[in-house]
Amino acid sequence: EQTNHRVDLELGRLEKRLEELVVICRQLQEENQSLRQRQDSLISERASLLHKNEQVRGRVEAMIGRLKGMEQTS
């Protein structure tokens, strides 16, 4: 009888812990999904910024080229 009671208590404790772990697992899955979406967004933003940076670099180089051309004609 006492052994059965201890087994029941232990099973109850394990069941509660398992439920807690399931909740934690779900939370981690949601957080992981959110972080992956954020990472995708940041990767896209980075690519856009790199593209804009290259465009600006091209414009600046073209302006420098025009300025040098103006200096040589003066």
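Residues numbered from 1 in each chain as written. Predicted model: local features only at pLDDT ≥ 70, side-chain atom pairs only at ≥ 80, totals over all residues. Heavy atoms only, no water.

J.: Looking at this model, I keep getting lost on the overall build of the protein. Mind explaining?
T.: Scanning the protein from N- to C-terminus turns up 1 helix and 0 strands. Relative to a compact globule of 74 residues, whose C-alpha radius of gyration would be 11 Å, the protein shows 32 Å and is clearly more extended. Considering only C-alpha atoms, the protein reaches an extent of 105 × 15 × 5 Å along its principal axes. Looking at the protein as a whole, 0% of its 74 residues qualify as buried. For the protein, the exposed area adds up to about 7300 Å²; of that, 55% sits on carbon and sulfur atoms. One finds the centroid of the 13 positive side-chain charges in the protein at a distance of 11 Å from the centroid of its 13 negative side-chain charges. (Helix = DSSP H or I, 4+ residues; strand = E, 2+ residues; numbered from the N terminus. Rg over C-alpha atoms; globule rule 2.2 N^0.38 Å. Buried < 20%, exposed > 50% of the residue type's maximum accessible area, 1.4 Å probe, protein only. Areas by Shrake-Rupley, 256 points an atom, 1.4 Å probe, with all protein chains shown as cover. Lys, Arg positive; Asp, Glu negative; His and termini not counted. Charge placed at Lys NZ, Arg CZ, Asp CG, Glu CD.)

J.: Explain the pattern of salt bridges to me, please; I cannot follow it from the model alone.
T.: Side chains that differ in charge, positive against negative, can pair when their charged atoms come close. Applying the stated criterion to the full structure yields 3 salt bridges. We note a salt bridge from Arg17 to Glu20, for which the minimum N-O separation is 3.2 Å. Remark: Glu20 and Arg17 occur in helix H1 (residues 2-73); sequence separation between them is 3 residues, near one turn of the helix. Residue class for Glu20 comes out partly exposed when judged on its relative accessible area of 33%. Arg57 is the salt-bridge partner of Glu54, the closest N and O atoms lying 3.6 Å from each other. Of the two residues, Glu54 and Arg57 are both situated in helix H1; the distance of 3 residues between them amounts to about one turn of the helix. Residue class for Glu54 comes out partly exposed when judged on its relative accessible area of 47%. (Salt bridge = Lys/Arg side-chain N within 4 Å of Asp/Glu carboxyl O.)

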